[in-house]
Structure formats: structure tokens, C-alpha cells
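Take a look at the letters that make up each chain.
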Amino acid sequence: MRADHLLANGLRVLAVERRHAPVTAVSLRYAAGSRNEPPGRTGLAHLAEHLMFQGSANVAPGEHAALMEGLGAPYDGETWFEHTVYHQSVPSGQLELALWLEADRMGTLPGALAPAALRAQREVVRNEVRQRLHGTPYGTRLPHLFALAHPYTHTPLGTEEDLDAITFDDCARFLAGHCTPANAVLAVVGDVAAAEVAGLADRFFGRLRGPRPAPPPDAGSARTGRRLDVVEDQPGEALFIAVPLPSEPAVPLPSGRSGAVPFGQAAGGTAARDGTAVEAAELALDVLARGAGSRLHRRLVQRDGLALSVEAVCHRFSGACSLGVIEVTSAPGAPLGAIEEAVDEESADLARHGPRPGERDRATALARARHLDGVGTAAGLADELTLQCVLTGDPWRALTAPGRTASVDDAALTAAALHLTRPHWSVLAYHLDTSR
């Protein structure tokens, strides 16, 4: 059983009944992230996420965490470029508590925000930025790659300088303007009657009001043909190649209508588009560079011994192009130039001749495994429902991903592989400091 409703205040409410265990997952996602930050305030969305755990009008600082931990309930929040999500998995008898906590901070936090909380969380976020950038191998790669190649030129981490500049009023305005019912989607999955979730959501969230923010300015176009050579203290030399890929087929979030939304449609009556361009591009990326069976792993790691590892990542977006990244860590003493030439040759061959026998089947199996891993739990499915709703307007794409991937044939994969060829690259190369 599943249900899909739009409350009068604009909050989209999704429910899926799964009685496998006495656990209910709650995912609340706002259509706001680092792309919504004003100039000079990078890191504001991430800082606002931290502040959402620092108490609200009826919840003391630290009480939200204490209540969840007392139930043994996993909880967290995450900020990304186009959205921010808060999620928890509670014993099924505690669903009302989880909804009340989310509603209280949505409705009252901007007015309950304390300057002391901002000061404390600014330091927490600053330390997190330092750890992620400089405490992990190649931690600076995402800021470098997005600045090189993508319209979203900064990551949700922001910079320490901008974090220092963020004021109390900046945070209050961001929360009041973006963390509103009309800019959010709620999913409840698990040991719950799906037909009852809309009523529960209306009970806790229905009285809340707030604006739906205007869409952010056009993000602009991707950039190609750029290069950055970095000398850093890293475990070894590495090559990261970023390529712009198609965006998700976006349909706007609903507004101004209440009642049930037919399955297979985006709210507002617009038929959900079933585009597979990004699926084809990600499959081509899988064939080229993801996993031990990929072309580049077989060539660079197994055959030539030039690399220690090869991997691929696809960051999907709807408000701008998606971004594929090919990641290669070199073997000691292996020249990065030879690795780059191999990537050039293999990507050109894939775009010219298409997949070899079995390659598309392998990539399709990988994609299916990723999907099942993501939605196999109540928490995973709840998060994927809210993610697809924010990205595309159709939450039920969370259930149909394997079919879209399976529909990509050899011809579509071959055409999509053109995205991976050298004219579309931006290159980040890490070199060791040999002057020491």
C-alpha cells in the first residue's frame, strides 16, 4: 500500500506500508541547498542544517538527539547542492513523536534561534570542513572539480572565510524562507497504515505556513577543457576527470492544490517524464570505469599496472547538468600522462564502437544492485522517495529505476558515451611534492 497527498499548506506527503519489521522511517527533505546561498555566504545551508538540531520553541537544545538516542533510533541530517534532508527510523509506536519534532522545528526554529547556538555550530561546521578537506585523502577534489567544471561552483561545505561572515540574520532568513511546508516533501515508510499518514501529517504540519521561495537564478552552463594541477601531501598521485552529463528530467514541485495525487503523475497533473538520458550516460560511465570489470580497471590495474584503483561517480542534479567523475589513483612511479592517454583511448573506443558483449549487462546489473541497496530498507526507500520528489517532481521514480536502466540499449549507451570523451573533460591532477 502507498499513498500520495498534498496538504493545503503545500507539504507533499508520501507513505509506503512495509510491515517487515516494527520500524517506521521518516524522511523530510527541503528543496534548498548550497545552490540557494547568497554570494559570500557559502556554507550557509550546511550551517542551517546543524542549527535545526539545536532546539526549537518546544524542544530544548539537544533534546531532539536525546529523545532519538533514548529510543535507539538512528537520525541525521545531510545538506547537498539542491536539497537538505532530515531522517530518522523510529520504533513504529513513536511515529507521532518523530513527526511532532520535525514540525516543531519547521514551524518555530527561526523565531527560537539563539545567537549562542550559531556561534557553537559555526565552530562545529568549521572543524567538519577542515576534516573533510584535509583529513581524508584527496579531500579537496570535490571543491576543485565543481569549481573547474560545474555551474554549481562551490560545494555545501563552503569556505572558512564565508562561514566567518555568516550572521545570525542570515541564518534566520534562510530558515524562514526555505524550511517551509511548501518547499518540502515528507515520506513515511514502514510499519504504518499508509492511508493514515496524511491525517497524521496534517495534524502536526497542517497549521504551519510559509513561503515557497522563488527558483534560484539559472545556474549557467558546464565548463569543459579546463585543467588544474595540484601539488599536495597525498598518499600518491591521482587523476580525476569530470564530465558534464544530462540532468534529471525535472518537473516542478506541486503548489496550491490539495488532495491525492494519482500514481505515476507529478502533482499538478503533469505526466511524469520518463527520460533515460542520465541513465544511459551513467551506464556508459559504469562500462568505462566503475568496478573491477570496467574497461579502465582491467587495463590500468590488471593489465598495465599503472593504477592502484579506478572508480566512477555520478552526481545527479535537476537544476543543472549532472556530473560524472572518473577517479584513478596511480601506481607508485606511474606517469599520469600514460593514465590520461589510456582514458582517452578507451572512452573514444566506447563512443565509436559501443559496448562489447556482456558490458551493458554487467553495467545494468551494477545499477540494479545500487538501486536495491538504496531502497532495500525503510529508511533507504523513504530517502529515495523524497529525493526523487525534489529532483523530478515524481517520487515514484524511486521504484522504477531498474526498468529505466534496463530500457537503455546498445545504441543509446554508445551515443551517451560521447559525453565521456576528451572534448568534454575537465582534469584535476594531484602531484606529489618532490622538493622535500
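In this text the structure is predicted, and so the values were computed from the model without any measurement.

Enquirer: Lay out the pattern of salt bridges with the relevant residues and their values.
Expert: Evaluated as defined, the whole model comprises 39 salt bridges. As a salt-bridge pair, Arg295 and Glu359 come within 2.9 Å of each other at their nearest N and O atoms. Taken as a pair, Arg295 in helix α10 (residues 295–303) and Glu359 in helix α12 (residues 359–375) lie far apart in primary sequence, 64 residues in all. Exposure remark for Arg295: the relative accessible area of 2% places this residue in the buried category.

Enquirer: Explain the side chain of Asp104 to me, using residue names and the numbers behind them.
Expert: With respect to the element layout, Asp104 can be found in helix α3 (residues 95–112). The side chain of Asp104 sits in the buried core without any salt bridge; Arg207 is the nearest counter-charge, 4.9 Å away. At a separation of 2.6 Å, a polar atom in the side chain of Asp104 contacts the side chain of Ser56. At a separation of 2.7 Å, a polar atom in the side chain of Asp104 contacts the side chain of Asn58. With residues up to four places along the chain from it excluded, the contact list for Asp104 reads Ser56, Ala57, Asn58, Val59 and Leu109.

Enquirer: Before we move on, could you go through the nonpolar core and cite the residues and values that matter?
Expert: In this structure, Leu99, Leu186 and Phe205 are the most contacted members of the largest nonpolar core, which totals 52 residues. In terms of residues, this core owes the most to one element, α3, which gives seven residues. Once residues within four sequence positions are removed from consideration, Leu99 is found in contact with Val26, Leu186, Val188, Leu200, Phe204 and Phe205. Formed by 39 residues, the second largest nonpolar core is a distinct cluster that contains Ala289, Cys314, Val343 and Ala416.

Enquirer: Run through the packing of aromatic side chains, naming residues and quoting values.
Expert: Aromatic rings in a pair are described by how distant their centres are and how their planes are angled relative to each other. Going through the model one piece at a time under the given rule, you end up with twelve aromatic pairs. For the pair Phe81 and Phe317, a centre-to-centre distance of 5.3 Å together with 80° between the ring planes defines the contact as edge-to-face. Of this pair, Phe81 sits in the loop between β4 (75–79) and β5 (84–91) while Phe317 sits in the loop between β10 (307–315) and β11 (322–330), placing them 236 residues apart in sequence. When sorted by exposure, Phe81 lands in the same class as Phe317, which is buried. Measuring from ring centre to ring centre gives 5.4 Å for Tyr152 and Phe317, while their planes differ by 85°; the resulting arrangement is edge-to-face. Placement of the pair is Tyr152 in the loop between α5 (141–149) and α6 (160–165) and Phe317 in the loop between β10 and β11, with a sequence separation of 165 residues.

How each quantity is defined
Residues numbered from 1 in each chain as written. Predicted model: local features only at pLDDT ≥ 70, side-chain atom pairs only at ≥ 80, totals over all residues. Heavy atoms only, no water. Salt bridge = Lys/Arg side-chain N within 4 Å of Asp/Glu carboxyl O. Helix = DSSP H or I, 4+ residues; strand = E, 2+ residues; numbered from the N terminus. Buried < 20%, exposed > 50% of the residue type's maximum accessible area, 1.4 Å probe, protein only. Lys, Arg positive; Asp, Glu negative; His and termini not counted. Polar contact = N/O pair within 3.5 Å; in protein donor to acceptor, adjacent residues only side chain to side chain. Contact = heavy atoms within 4.5 Å. Core = buried A, V, L, I, M, F, W, Y, C linked by side-chain atoms within 4.5 Å. Phe/Tyr/Trp six-rings, centres within 6.5 Å; stacked < 30°, edge-to-face > 60°.

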